[in-house]
Amino acid sequence: MEKAYQPKEVEDRLYESWEREGSFQGNPDPGKPAYSIVIPPPNVTGVLTMGHVLNNTIQDILARRARQKGHSTLWLPGTDHAGIATQTKVEQQLRKDGKNKHDLGREGFIEHAKEWRDKHGGIILKQLRKLGCSCDWERTVHTLDADYSEAVLEAFVRLFKNGYVYRGKRMVNWCPVSLTALSDEEVIMKPQNGKLFKIRYELTDAPGEYLYVSTTRPETIMGDVALAIHPEDERWPKLKGRKVRRPLQPAEIPILADSAVEKDFGTGMLKITPAHDPLDFEIGQRHDLPIIDVFHEDGTLNELAGPEFSGMDRFEARKATVEKLREQGDLIDEEDHANNVGFSERADVPVEPRLSEQWFLRYPRVEEAKRAVAEGFIRYFPERWKKTYLHWLENIQDWCISRQLWWGHRIPVWYRKGASRTDPENWHVSVAGPDDPENWEQDEDVLDTWASSWLWPIATMGWPHKSAMQEKGLDYFYPTSALVTGPDIIFFWVARMIMAGLEFKGEPVDPNSTLSDEEIKKRIPFRDVYFTGIIRDAKGRKMSKSLGNSPDPLDLIEKYGADGLRHGIMSIAPKGQDIRFSEERIEQGRNFCNKLWNVSRFRQMAEDDTRESSLADILGRIDQNQLNQDDHAILLRLVQTLDEVDRLYEEYEFNSALQAIYRFFWSDLCDWYVENSKARMKGGEDKTTCLAVQDLCLRQVLLLLHPVTPFITEELWKVLGFSGGQSIQWTVAETGEEFSIALRNAGISLDASALEEMLAIRELVTSMRSLKADRNLASNKKVEFVYLAEDEKSKVLEKHLSSILSSVGAAALSRVKEAPSGMPTLVTDFGSVYMDLASGIDVDAERTRLSKELEGLGKIISSIENKLSNASFTEKAPAQVVEGARRQLADNLAKQQETEEALNALKN
RNA sequence: GGACGGCUAGCUCAGUUGGUUAGAGCGACUGGUUUACACCCAGUAGGUCACAGGUUCGAAUCCUGUGCCGUCCACCA
């Protein structure tokens, strides 16, 4: 074995063999319980980020643990076509070549985009392999695959037939760069420092009298069709029925009252521009006002804005209109104003509220979706996201699902040629299209990407075709066991998948019906949802491409190994808390693997013969009579650890699980047990038993770690001979109870008191080391000690004598009947321990040390005494606690006395 | 404006239902190559648990309020 673990060779070799052996295949197996996860499909043209590393490592841990436990496990991978993002990239590419999409035409463009996708896409799936992800690659799905696309259209058609989908001219969020509508969820609100302009509008029946309006968007004044005031505003009675003159593109416009106007904001007077503001649009509807749209689709002003402004960009026009108003004397005031402006998620420009014909979806099964989570049929980890989810559903708005793009699923609606598109009589809605296509033209738009990915759990498993569903095991694997994703897509994806599952899984039901709880449980797409935190850099900033603060995971794998990266990232990822990334933690992950490697190497050096050791074989090598207190103690700790880690895995507490493993492995096993066993391994009669105990510990540690660090554990599993020909992938770590039973069946019983005894011995060793270190004695410098203790304590001490000597680096620790003088003294639970220094001691230094010691003891003692002298404490606190305090007091008093004696001895 | 999360050692974080003297890793400092590992071992220093009240025999932990940082939601132009 190499001196240091070399991950690269091991990882490539093992991954290849796992894949070759079909370890990752997820096939329905009625004889086994099912476990399934669908991957949150990454953007097909994306590359692996730290976020993906976290997310997919968690999924891999879950999948690998399920396999170990004997579940038939499916982790289904795939990619998303990512409508706007991909189309934008492809168009950019075209532009570099001096072309645009219209040069290619719709079909040509799609062909081109597909080629581009196939060339640049799918990289991320290769990268996931490097990370060790155990996806069933044969089942990789892409949202634009033919089967999947059909499912998307089928869902649209069914929703349409059930009255959930409608077409309408409504206010939508318009991206003037991507030239498409967006859903509310794709709009990011950003605080902006703008200006609030105060404008005057002249009353037409009273020249020289004005009304004042505050606005942030003077460039839309030409679209004003009214002014509005709150009906309870005292000015209203005087204004009712009167009119004002619009200061740009002059026209007479009415004054009206609407309670949506805030009396106390600005001048209490609102200009109504129905074409360019959602609230104004609503008010306009209520009052039957006309709509004047003064913008083009790309955010420039059109001819209705007047010749002066026509053709200008909206922000340019803002300046120009302000200038014009100033010239006219209509600009009264201008002040700094902070407000929130919606930005397009992709193009990062302010969205424009815009009136347009779009397809909308009224969400199905909203009430059932709430119940599914509120009642815990779907469990959220951490639970607090439940509230966020429910709040969104309480206030849910219809979903604009049409996008003015070419890259995506084209809406399966056809309009009769030459007829009015607004009349449903002229619509044909079906997956296959009309029989006489020559008389129809298909809707130009495609569906929002999320309107395809919301079907992910069912459409990847054959829906809607019965035979495909059977073949792919929909009924076997669905509901999937767990979903692992970020809380940032709780609305985009999680909530929508729940509604899609409820609506589409199982037999179609009447839209007016309500699903029973039983039916809900069958239809939900997943049982547990684990929300990861967001990975931030050392400064706490979100990792992003634009900031360039995200390390390339592949570089990290190269440097630290996939296992190191996985271990590192999982050890810093508390459940649902944001994660401060630091490369040092990844380094620690690598170090951990190296430690595991080396202790295994040490184990290998002890014996030359290669063995095949099943659990029973190892247990068979143990001779109960040869078990010493160390053995009892480490096995007791092992049982504890097995239970603890199992519980923590079940609760998705991965970092705590790793910490528990770390404590047992590094501290208990390596630092203490293995160190102590070195003497025994020289060839004492208990050597075999001692090695068997090591094997037990290593075996269980490998099993516990395998989900997190699959490569090194599989490699060592074989090297150490635990495999019996079977991969570690198919072997579960026994629970503490199962392990205890196995021990009992092998005739091994553990002394429960050994653990406490061992901890006391450790404490003694630590103080003795410290005493040496205080005097700058090298740890390998053999020093002689004597001690003074009661018979009982002495017995225990003698039992551990050899390991104490080697751990401390002591030549002797012998019992004396009387306190020696002039030696540094330790007051311990075992009595007083004295260090014999040939060179004599520094009396002053000793005195200082002991005085400090006494001071500490004094503080502790008085605090306990205070507590115990408090009558209400002794009366009200549980007897156990009071008893504990008494014992503690007695112990400390004894120590205090001994320390005082030692101090006095120094004075002589 | 509403909701949620965080605030514990220089840094990153643990701290289970309130109960001995608040822990770990990293970093710092000191010493160390004894039969695995310097990607290592031993030891030391370092904390008014954000702040203010309250409940309790007892609070890092429960309650109320405040501050700072972060996230999400929201039609004050």
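Relevant structure appears above.
These figures come from a predicted structure and were not determined experimentally.

Draft legend 1. Quick peek at the protein's contact with RNA strand B. The environment of RNA strand B is made up of 60 residues, and the closest members are N598, W666, K682, K876 and Q888. Each atom of RNA strand B within 4 Å of the protein was assigned to sugar, phosphate or base; sugar and phosphate come to 62%. Between RNA strand B and the protein, one listed contact pairs a sugar or linking oxygen with a side-chain N or O atom of R601 at 2.7 Å. In the environment of RNA strand B, a sugar or linking oxygen lies 2.3 Å from a nitrogen or oxygen atom belonging to the side chain of Q888. In terms of residue count, the dominant contributor to the surface near RNA strand B is helix α19 (residues 583-606) (12 residues). Here the surface near RNA strand B is composed, by residue class, of 20 nonpolar, 23 polar and 17 charged.

Draft legend 2. Seen up close, empty space enclosed by the protein. Taken as a whole and judged by the stated rule, the model has five cavities of 30 Å³ or more. Approximately 110 Å³ is the volume attributed to the largest cavity. Around the largest cavity, the lining is made up of 13 residues, and of these D630, W672, N676, M758 and R762 lie nearest the centre. For the lining of the largest cavity, the elements supplying multiple residues, two or more each, are α21 (629-650), α22 (654-680), α26 (754-774) and α28 (801-808). Its residues assigned to classes, the lining of the largest cavity comprises six nonpolar, four polar and three charged.

Draft legend 3. Representation of unusual backbone geometry. With an omega dihedral of -10°, the bond running from F381 to P382 counts as a cis peptide bond. By secondary structure assignment, the location of P382 is in the loop between β15 (379-381) and α11 (385-394). With an omega of -5°, the peptide bond running from Y478 to P479 counts as cis. Along the chain, P479 turns up in the loop between α15 (474-477) and β22 (480-485).

Draft legend 4. Structural view of the sheet that holds β22. Strand order in the open sheet made by the three strands is β15-β23-β22, with parallel pairing throughout. Pairing within the sheet leaves two strands with one partner each, and these edge strands are β15 and β22. This sheet shows a mean twist of 20° between the axes of neighbouring strands, independent of strand direction. Where β15 lies against strand β23 (residues 526-531), three bridges are found, and the strand directions are parallel. Within β23, the position partnered with F381 by the bridge is Y530. Where helix α2 (residues 50-68) meets the sheet, its contacts fall on β22 and β23, and the angle it forms with β22 comes to roughly 160°.

Draft legend 5. Structural context of the environment of T689. By the element assignment, T689 lies in helix α23 (residues 687-705). Distance in space between the C-alpha atoms of T689 and R621 is 6.2 Å, their sequence separation being 68 residues. Beyond its immediate chain neighbours, meaning those up to four positions away, T689 contacts R621, I622, D623, Q626 and L627. Within polar-contact distance, the side chain of T689 engages the backbone nitrogen of D623 at 3.1 Å.

Draft legend 6. A look at the sheet that holds strand β6 (residues 180-182). Reading across from one edge, β6-β5-β14-β16 is the order of the four strands in this open sheet, with antiparallel pairing throughout. The sheet terminates laterally at β6 and β16 (399-400), the two strands that pair on one side only. As paired strands, strand β14 (residues 352-361) and β16 are joined by two bridges and run antiparallel to one another. Bridging across to β16, L361 finds its partner in W399.

Draft legend 7. Representation of the packing of aromatic side chains within the structure. One pass over the structure, following the stated rule, counts 34 aromatic pairs. Between Y652 and F654, the ring centres sit 6.2 Å apart and the planes meet at 80°, which makes this aromatic pair edge-to-face. Side by side, Y652 and F654 carry an identical accessibility label, which is buried. Each member of the aromatic cluster is reached from another via a ring pair, and the members are Y363, W392, W399, W454, W463, F491 and F504. Positioned over the ring face of W18 is R64, at 4.6 Å from the centre of the ring. The cationic tip of R170 hangs over the ring face of F360; the distance from NZ or CZ to the ring centre is 4.3 Å.

Draft legend 8. The arrangement of the nonpolar core in detail. Core analysis: the largest hydrophobic core is formed by 166 residues, its most contacted members being Y380, Y389, L455 and I498. Excluding residues within four positions of it along the chain, I498 makes contact with A369, V373, I378, Y380, Y389, P525 and F526. Residues L211, M222, L248 and L331 belong to the second largest nonpolar core, which totals 30 residues.

Draft legend 9. Local environment of α19. Helix length check: α19 (24 residues) gives 35 Å between terminal C-alpha atoms against 34 Å at 1.5 Å per residue, within 8%. Of all the residues in α19, the buried ones are I586, G589, F592, C593, L596, W597, V599, S600, R601, R603 and A606. Check the buried side of α19 and you find it contacts α18 (553-571), α22, α23 and α24 (710-719).

Procedures and definitions
Residues numbered from 1 in each chain as written. Chains lettered and ligands numbered in written order. Predicted model: local features only at pLDDT ≥ 70, side-chain atom pairs only at ≥ 80, totals over all residues. Heavy atoms only, no water. Near = heavy atom within 4 Å. Polar contact = N/O pair within 3.5 Å; in protein donor to acceptor, adjacent residues only side chain to side chain. Helix = DSSP H or I, 4+ residues; strand = E, 2+ residues; numbered from the N terminus. Nonpolar A, V, L, I, M, F, W, Y, C, P; charged D, E, K, R; others polar. 1 Å grid on protein atoms, 1.4 Å probe; cavity = no way out; pocket = protein on both sides within 12 Å on 5 of 7 lines; lining within 4 Å. Points joined across faces, edges and corners; volume = space filled by probe spheres on them. Pairing = 2+ DSSP bridges. Axes fitted to C-alpha atoms, helices over the stretch in contact; angles between N-to-C directions. Contact = heavy atoms within 4.5 Å. Phe/Tyr/Trp six-rings, centres within 6.5 Å; stacked < 30°, edge-to-face > 60°. Buried < 20%, exposed > 50% of the residue type's maximum accessible area, 1.4 Å probe, protein only. Lys NZ or Arg CZ within 6 Å of the ring centre and 35° of its normal. Core = buried A, V, L, I, M, F, W, Y, C linked by side-chain atoms within 4.5 Å. Expected span 1.5 Å × (residues − 1).

Keep in mind that these numbers describe shape and distance, not what the molecule does.
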